[in-house]
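These are the residues of each chain, in order.
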Amino acid sequence: MLTVGDKIPNFKVKATVSLEKGKEFQDITNETFKGKWLVLFAWPKDFTFICPTEIAEFGKKNKDFADRDAQVLGLSTDSEFVHHAWRTHHPDLKDLPFPMLADLKHELCNALGILHKEEGVALRATFIADPEGIIRHVTVNDLSVGRNVSETVRTLDALQTDELCPCNWTKGEETLTQKLAKAG
């Protein structure tokens, strides 16, 4: 699995970006959002139980990510047509503000190293990459456990300070770097 310090791999996938007729799909590459922070999160399967709770929460927090110059990208091994059908029929997913990447050939999931060994689906992985595409944070949950999207926002905040941030630090609090400078 890729880890902190690795680069987000090159990729080109179809994505579901809208429910508007004629504007449903778009090709997305690792260069599409060049110069932005990326929050790339993967889920195992569409039309399941835990996945829509996470995806909807990323949608609700999309403005928080956008305010931090970060682009959210969702990812599973389902096709863009399955993503579209799910968004059409699930009330919490209809108005998602971020692309749902379709890694049908498993190329991106394989490159990231996040395919479940037995199930062959994406693990619940979250990557935060800086504007140069360097991975700065990775978390992976078992298939049965949803992630905490607020913690992803908090981690992005901490990374963007480029300072030493203690346990449970939140945006607006003093960093350890600031405390050390005052003490010095």
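Scoring rules and cut-offs
Residues numbered from 1 in each chain as written. Predicted model: local features only at pLDDT ≥ 70, side-chain atom pairs only at ≥ 80, totals over all residues. Heavy atoms only, no water. Buried < 20%, exposed > 50% of the residue type's maximum accessible area, 1.4 Å probe, protein only. Helix = DSSP H or I, 4+ residues; strand = E, 2+ residues; numbered from the N terminus. Pairing = 2+ DSSP bridges. UniProt positions renumbered as here; feature names shortened; annotations may be inferred. Contact = heavy atoms within 4.5 Å. Axes fitted to C-alpha atoms, helices over the stretch in contact; angles between N-to-C directions. Phe/Tyr/Trp six-rings, centres within 6.5 Å; stacked < 30°, edge-to-face > 60°. Patch = residues over 30% accessible without salt bridge, like charges linked within 9 Å, V, L, I, M, F, W, Y side chains within 5 Å. Areas by Shrake-Rupley, 256 points an atom, 1.4 Å probe, with all protein chains shown as cover. Salt bridge = Lys/Arg side-chain N within 4 Å of Asp/Glu carboxyl O. Arc of directions from axis to C-beta.

### What to know about the pairing of strand β6 (residues 124–129)
Item 1. The buried count for β6 comes to six of six residues, which makes it a mostly enclosed element.
Item 2. Here β6 shows a buried face lined by R124, T126 and I128 and a second buried face lined by A125, F127 and A129.
Item 3. Between β6 and strand β7 (residues 135–141), which pair antiparallel one after the other, the connecting turn spans five residues, and G133 there sits at a positive phi close to 85°.

### Topic: the UniProt feature "active site" (unreviewed entry) in the protein chain
Item 1. Residues annotated in UniProt with the feature "active site" (unreviewed entry) correspond here to C51.
Item 2. With respect to the secondary-structure elements, C51 resides in helix α1 (residues 51–60).
Item 3. When neighbours within four sequence positions are excluded, C51 is seen to be in contact with W43, P44, K45, W86 and R124.

### Focus on the sheet that holds β6
Item 1. Taken in spatial order, the seven strands make up an open sheet running β2-β1-β5-β4-β3-β6-β7, and their pairing is mixed. Unpaired on one side and paired on the other, β2 (25–29) and β7 mark the two borders of the sheet. Adjacent strand axes in the sheet meet at a mean angle of 25° when their direction is disregarded.
Item 2. In this sheet, β7 lies alongside β6 in antiparallel orientation, the contact comprising six bridges. When the sheet's bridge partners are listed, A129 is paired in β7 with I135.
Item 3. Docked against the sheet, α1 engages β3 (37–42), β4 (70–76) and β6, running at close to 165° with respect to β3.
Item 4. Along the sheet, helix α5 (residues 149–161) makes contact with β3, β4, β6 and β7, crossing β6 at roughly 25°.

### Focus on the packing of aromatic side chains
Item 1. Overall, the coordinates contain seven aromatic pairs when judged by the stated rule.
Item 2. Measuring from ring centre to ring centre gives 6.5 Å for W43 and W86, while their planes differ by 50°; the resulting arrangement is tilted. Residue W43 is found in the loop between β3 and α1, and its partner W86 is found in helix α3 (residues 80–89); the two are separated by 43 residues along the sequence. We note that W43, like W86, is buried.
Item 3. An aromatic cluster is built from F41, W43, F47, F58, F65, W86 and F98, whose rings are joined through pairwise contacts.

### Considerations on a nonpolar patch on the surface
Item 1. A surface patch of nonpolar side chains, amounting to about 280 Å² of accessible area, comprises L164, L176 and L180.
Item 2. With respect to the helices and strands, the residue L164 is situated in the loop between α5 and α6 (176–183).

### Some words on unusual backbone geometry
Item 1. One non-glycine residue, H106, adopts positive backbone phi at about 65°.
Item 2. In this structure, H106 sits in the loop between β5 (100–102) and α4 (107–112).

### Brief notes about α3
For an α-helix, 3.6 residues make a turn, and residues three or four places apart therefore share a direction.
Item 1. For α3, every residue scored as buried is listed here: E80, H83, H84, W86 and R87. An end-on view of α3 places all buried positions within 165° of arc, on one side of the element. Exposed positions of α3 whose direction lies more than 90 degrees from the buried face are F81 and H89.
Item 2. Close packing links the buried residues of α3 with β1 (12–16), β2, α1, β4 and β5.

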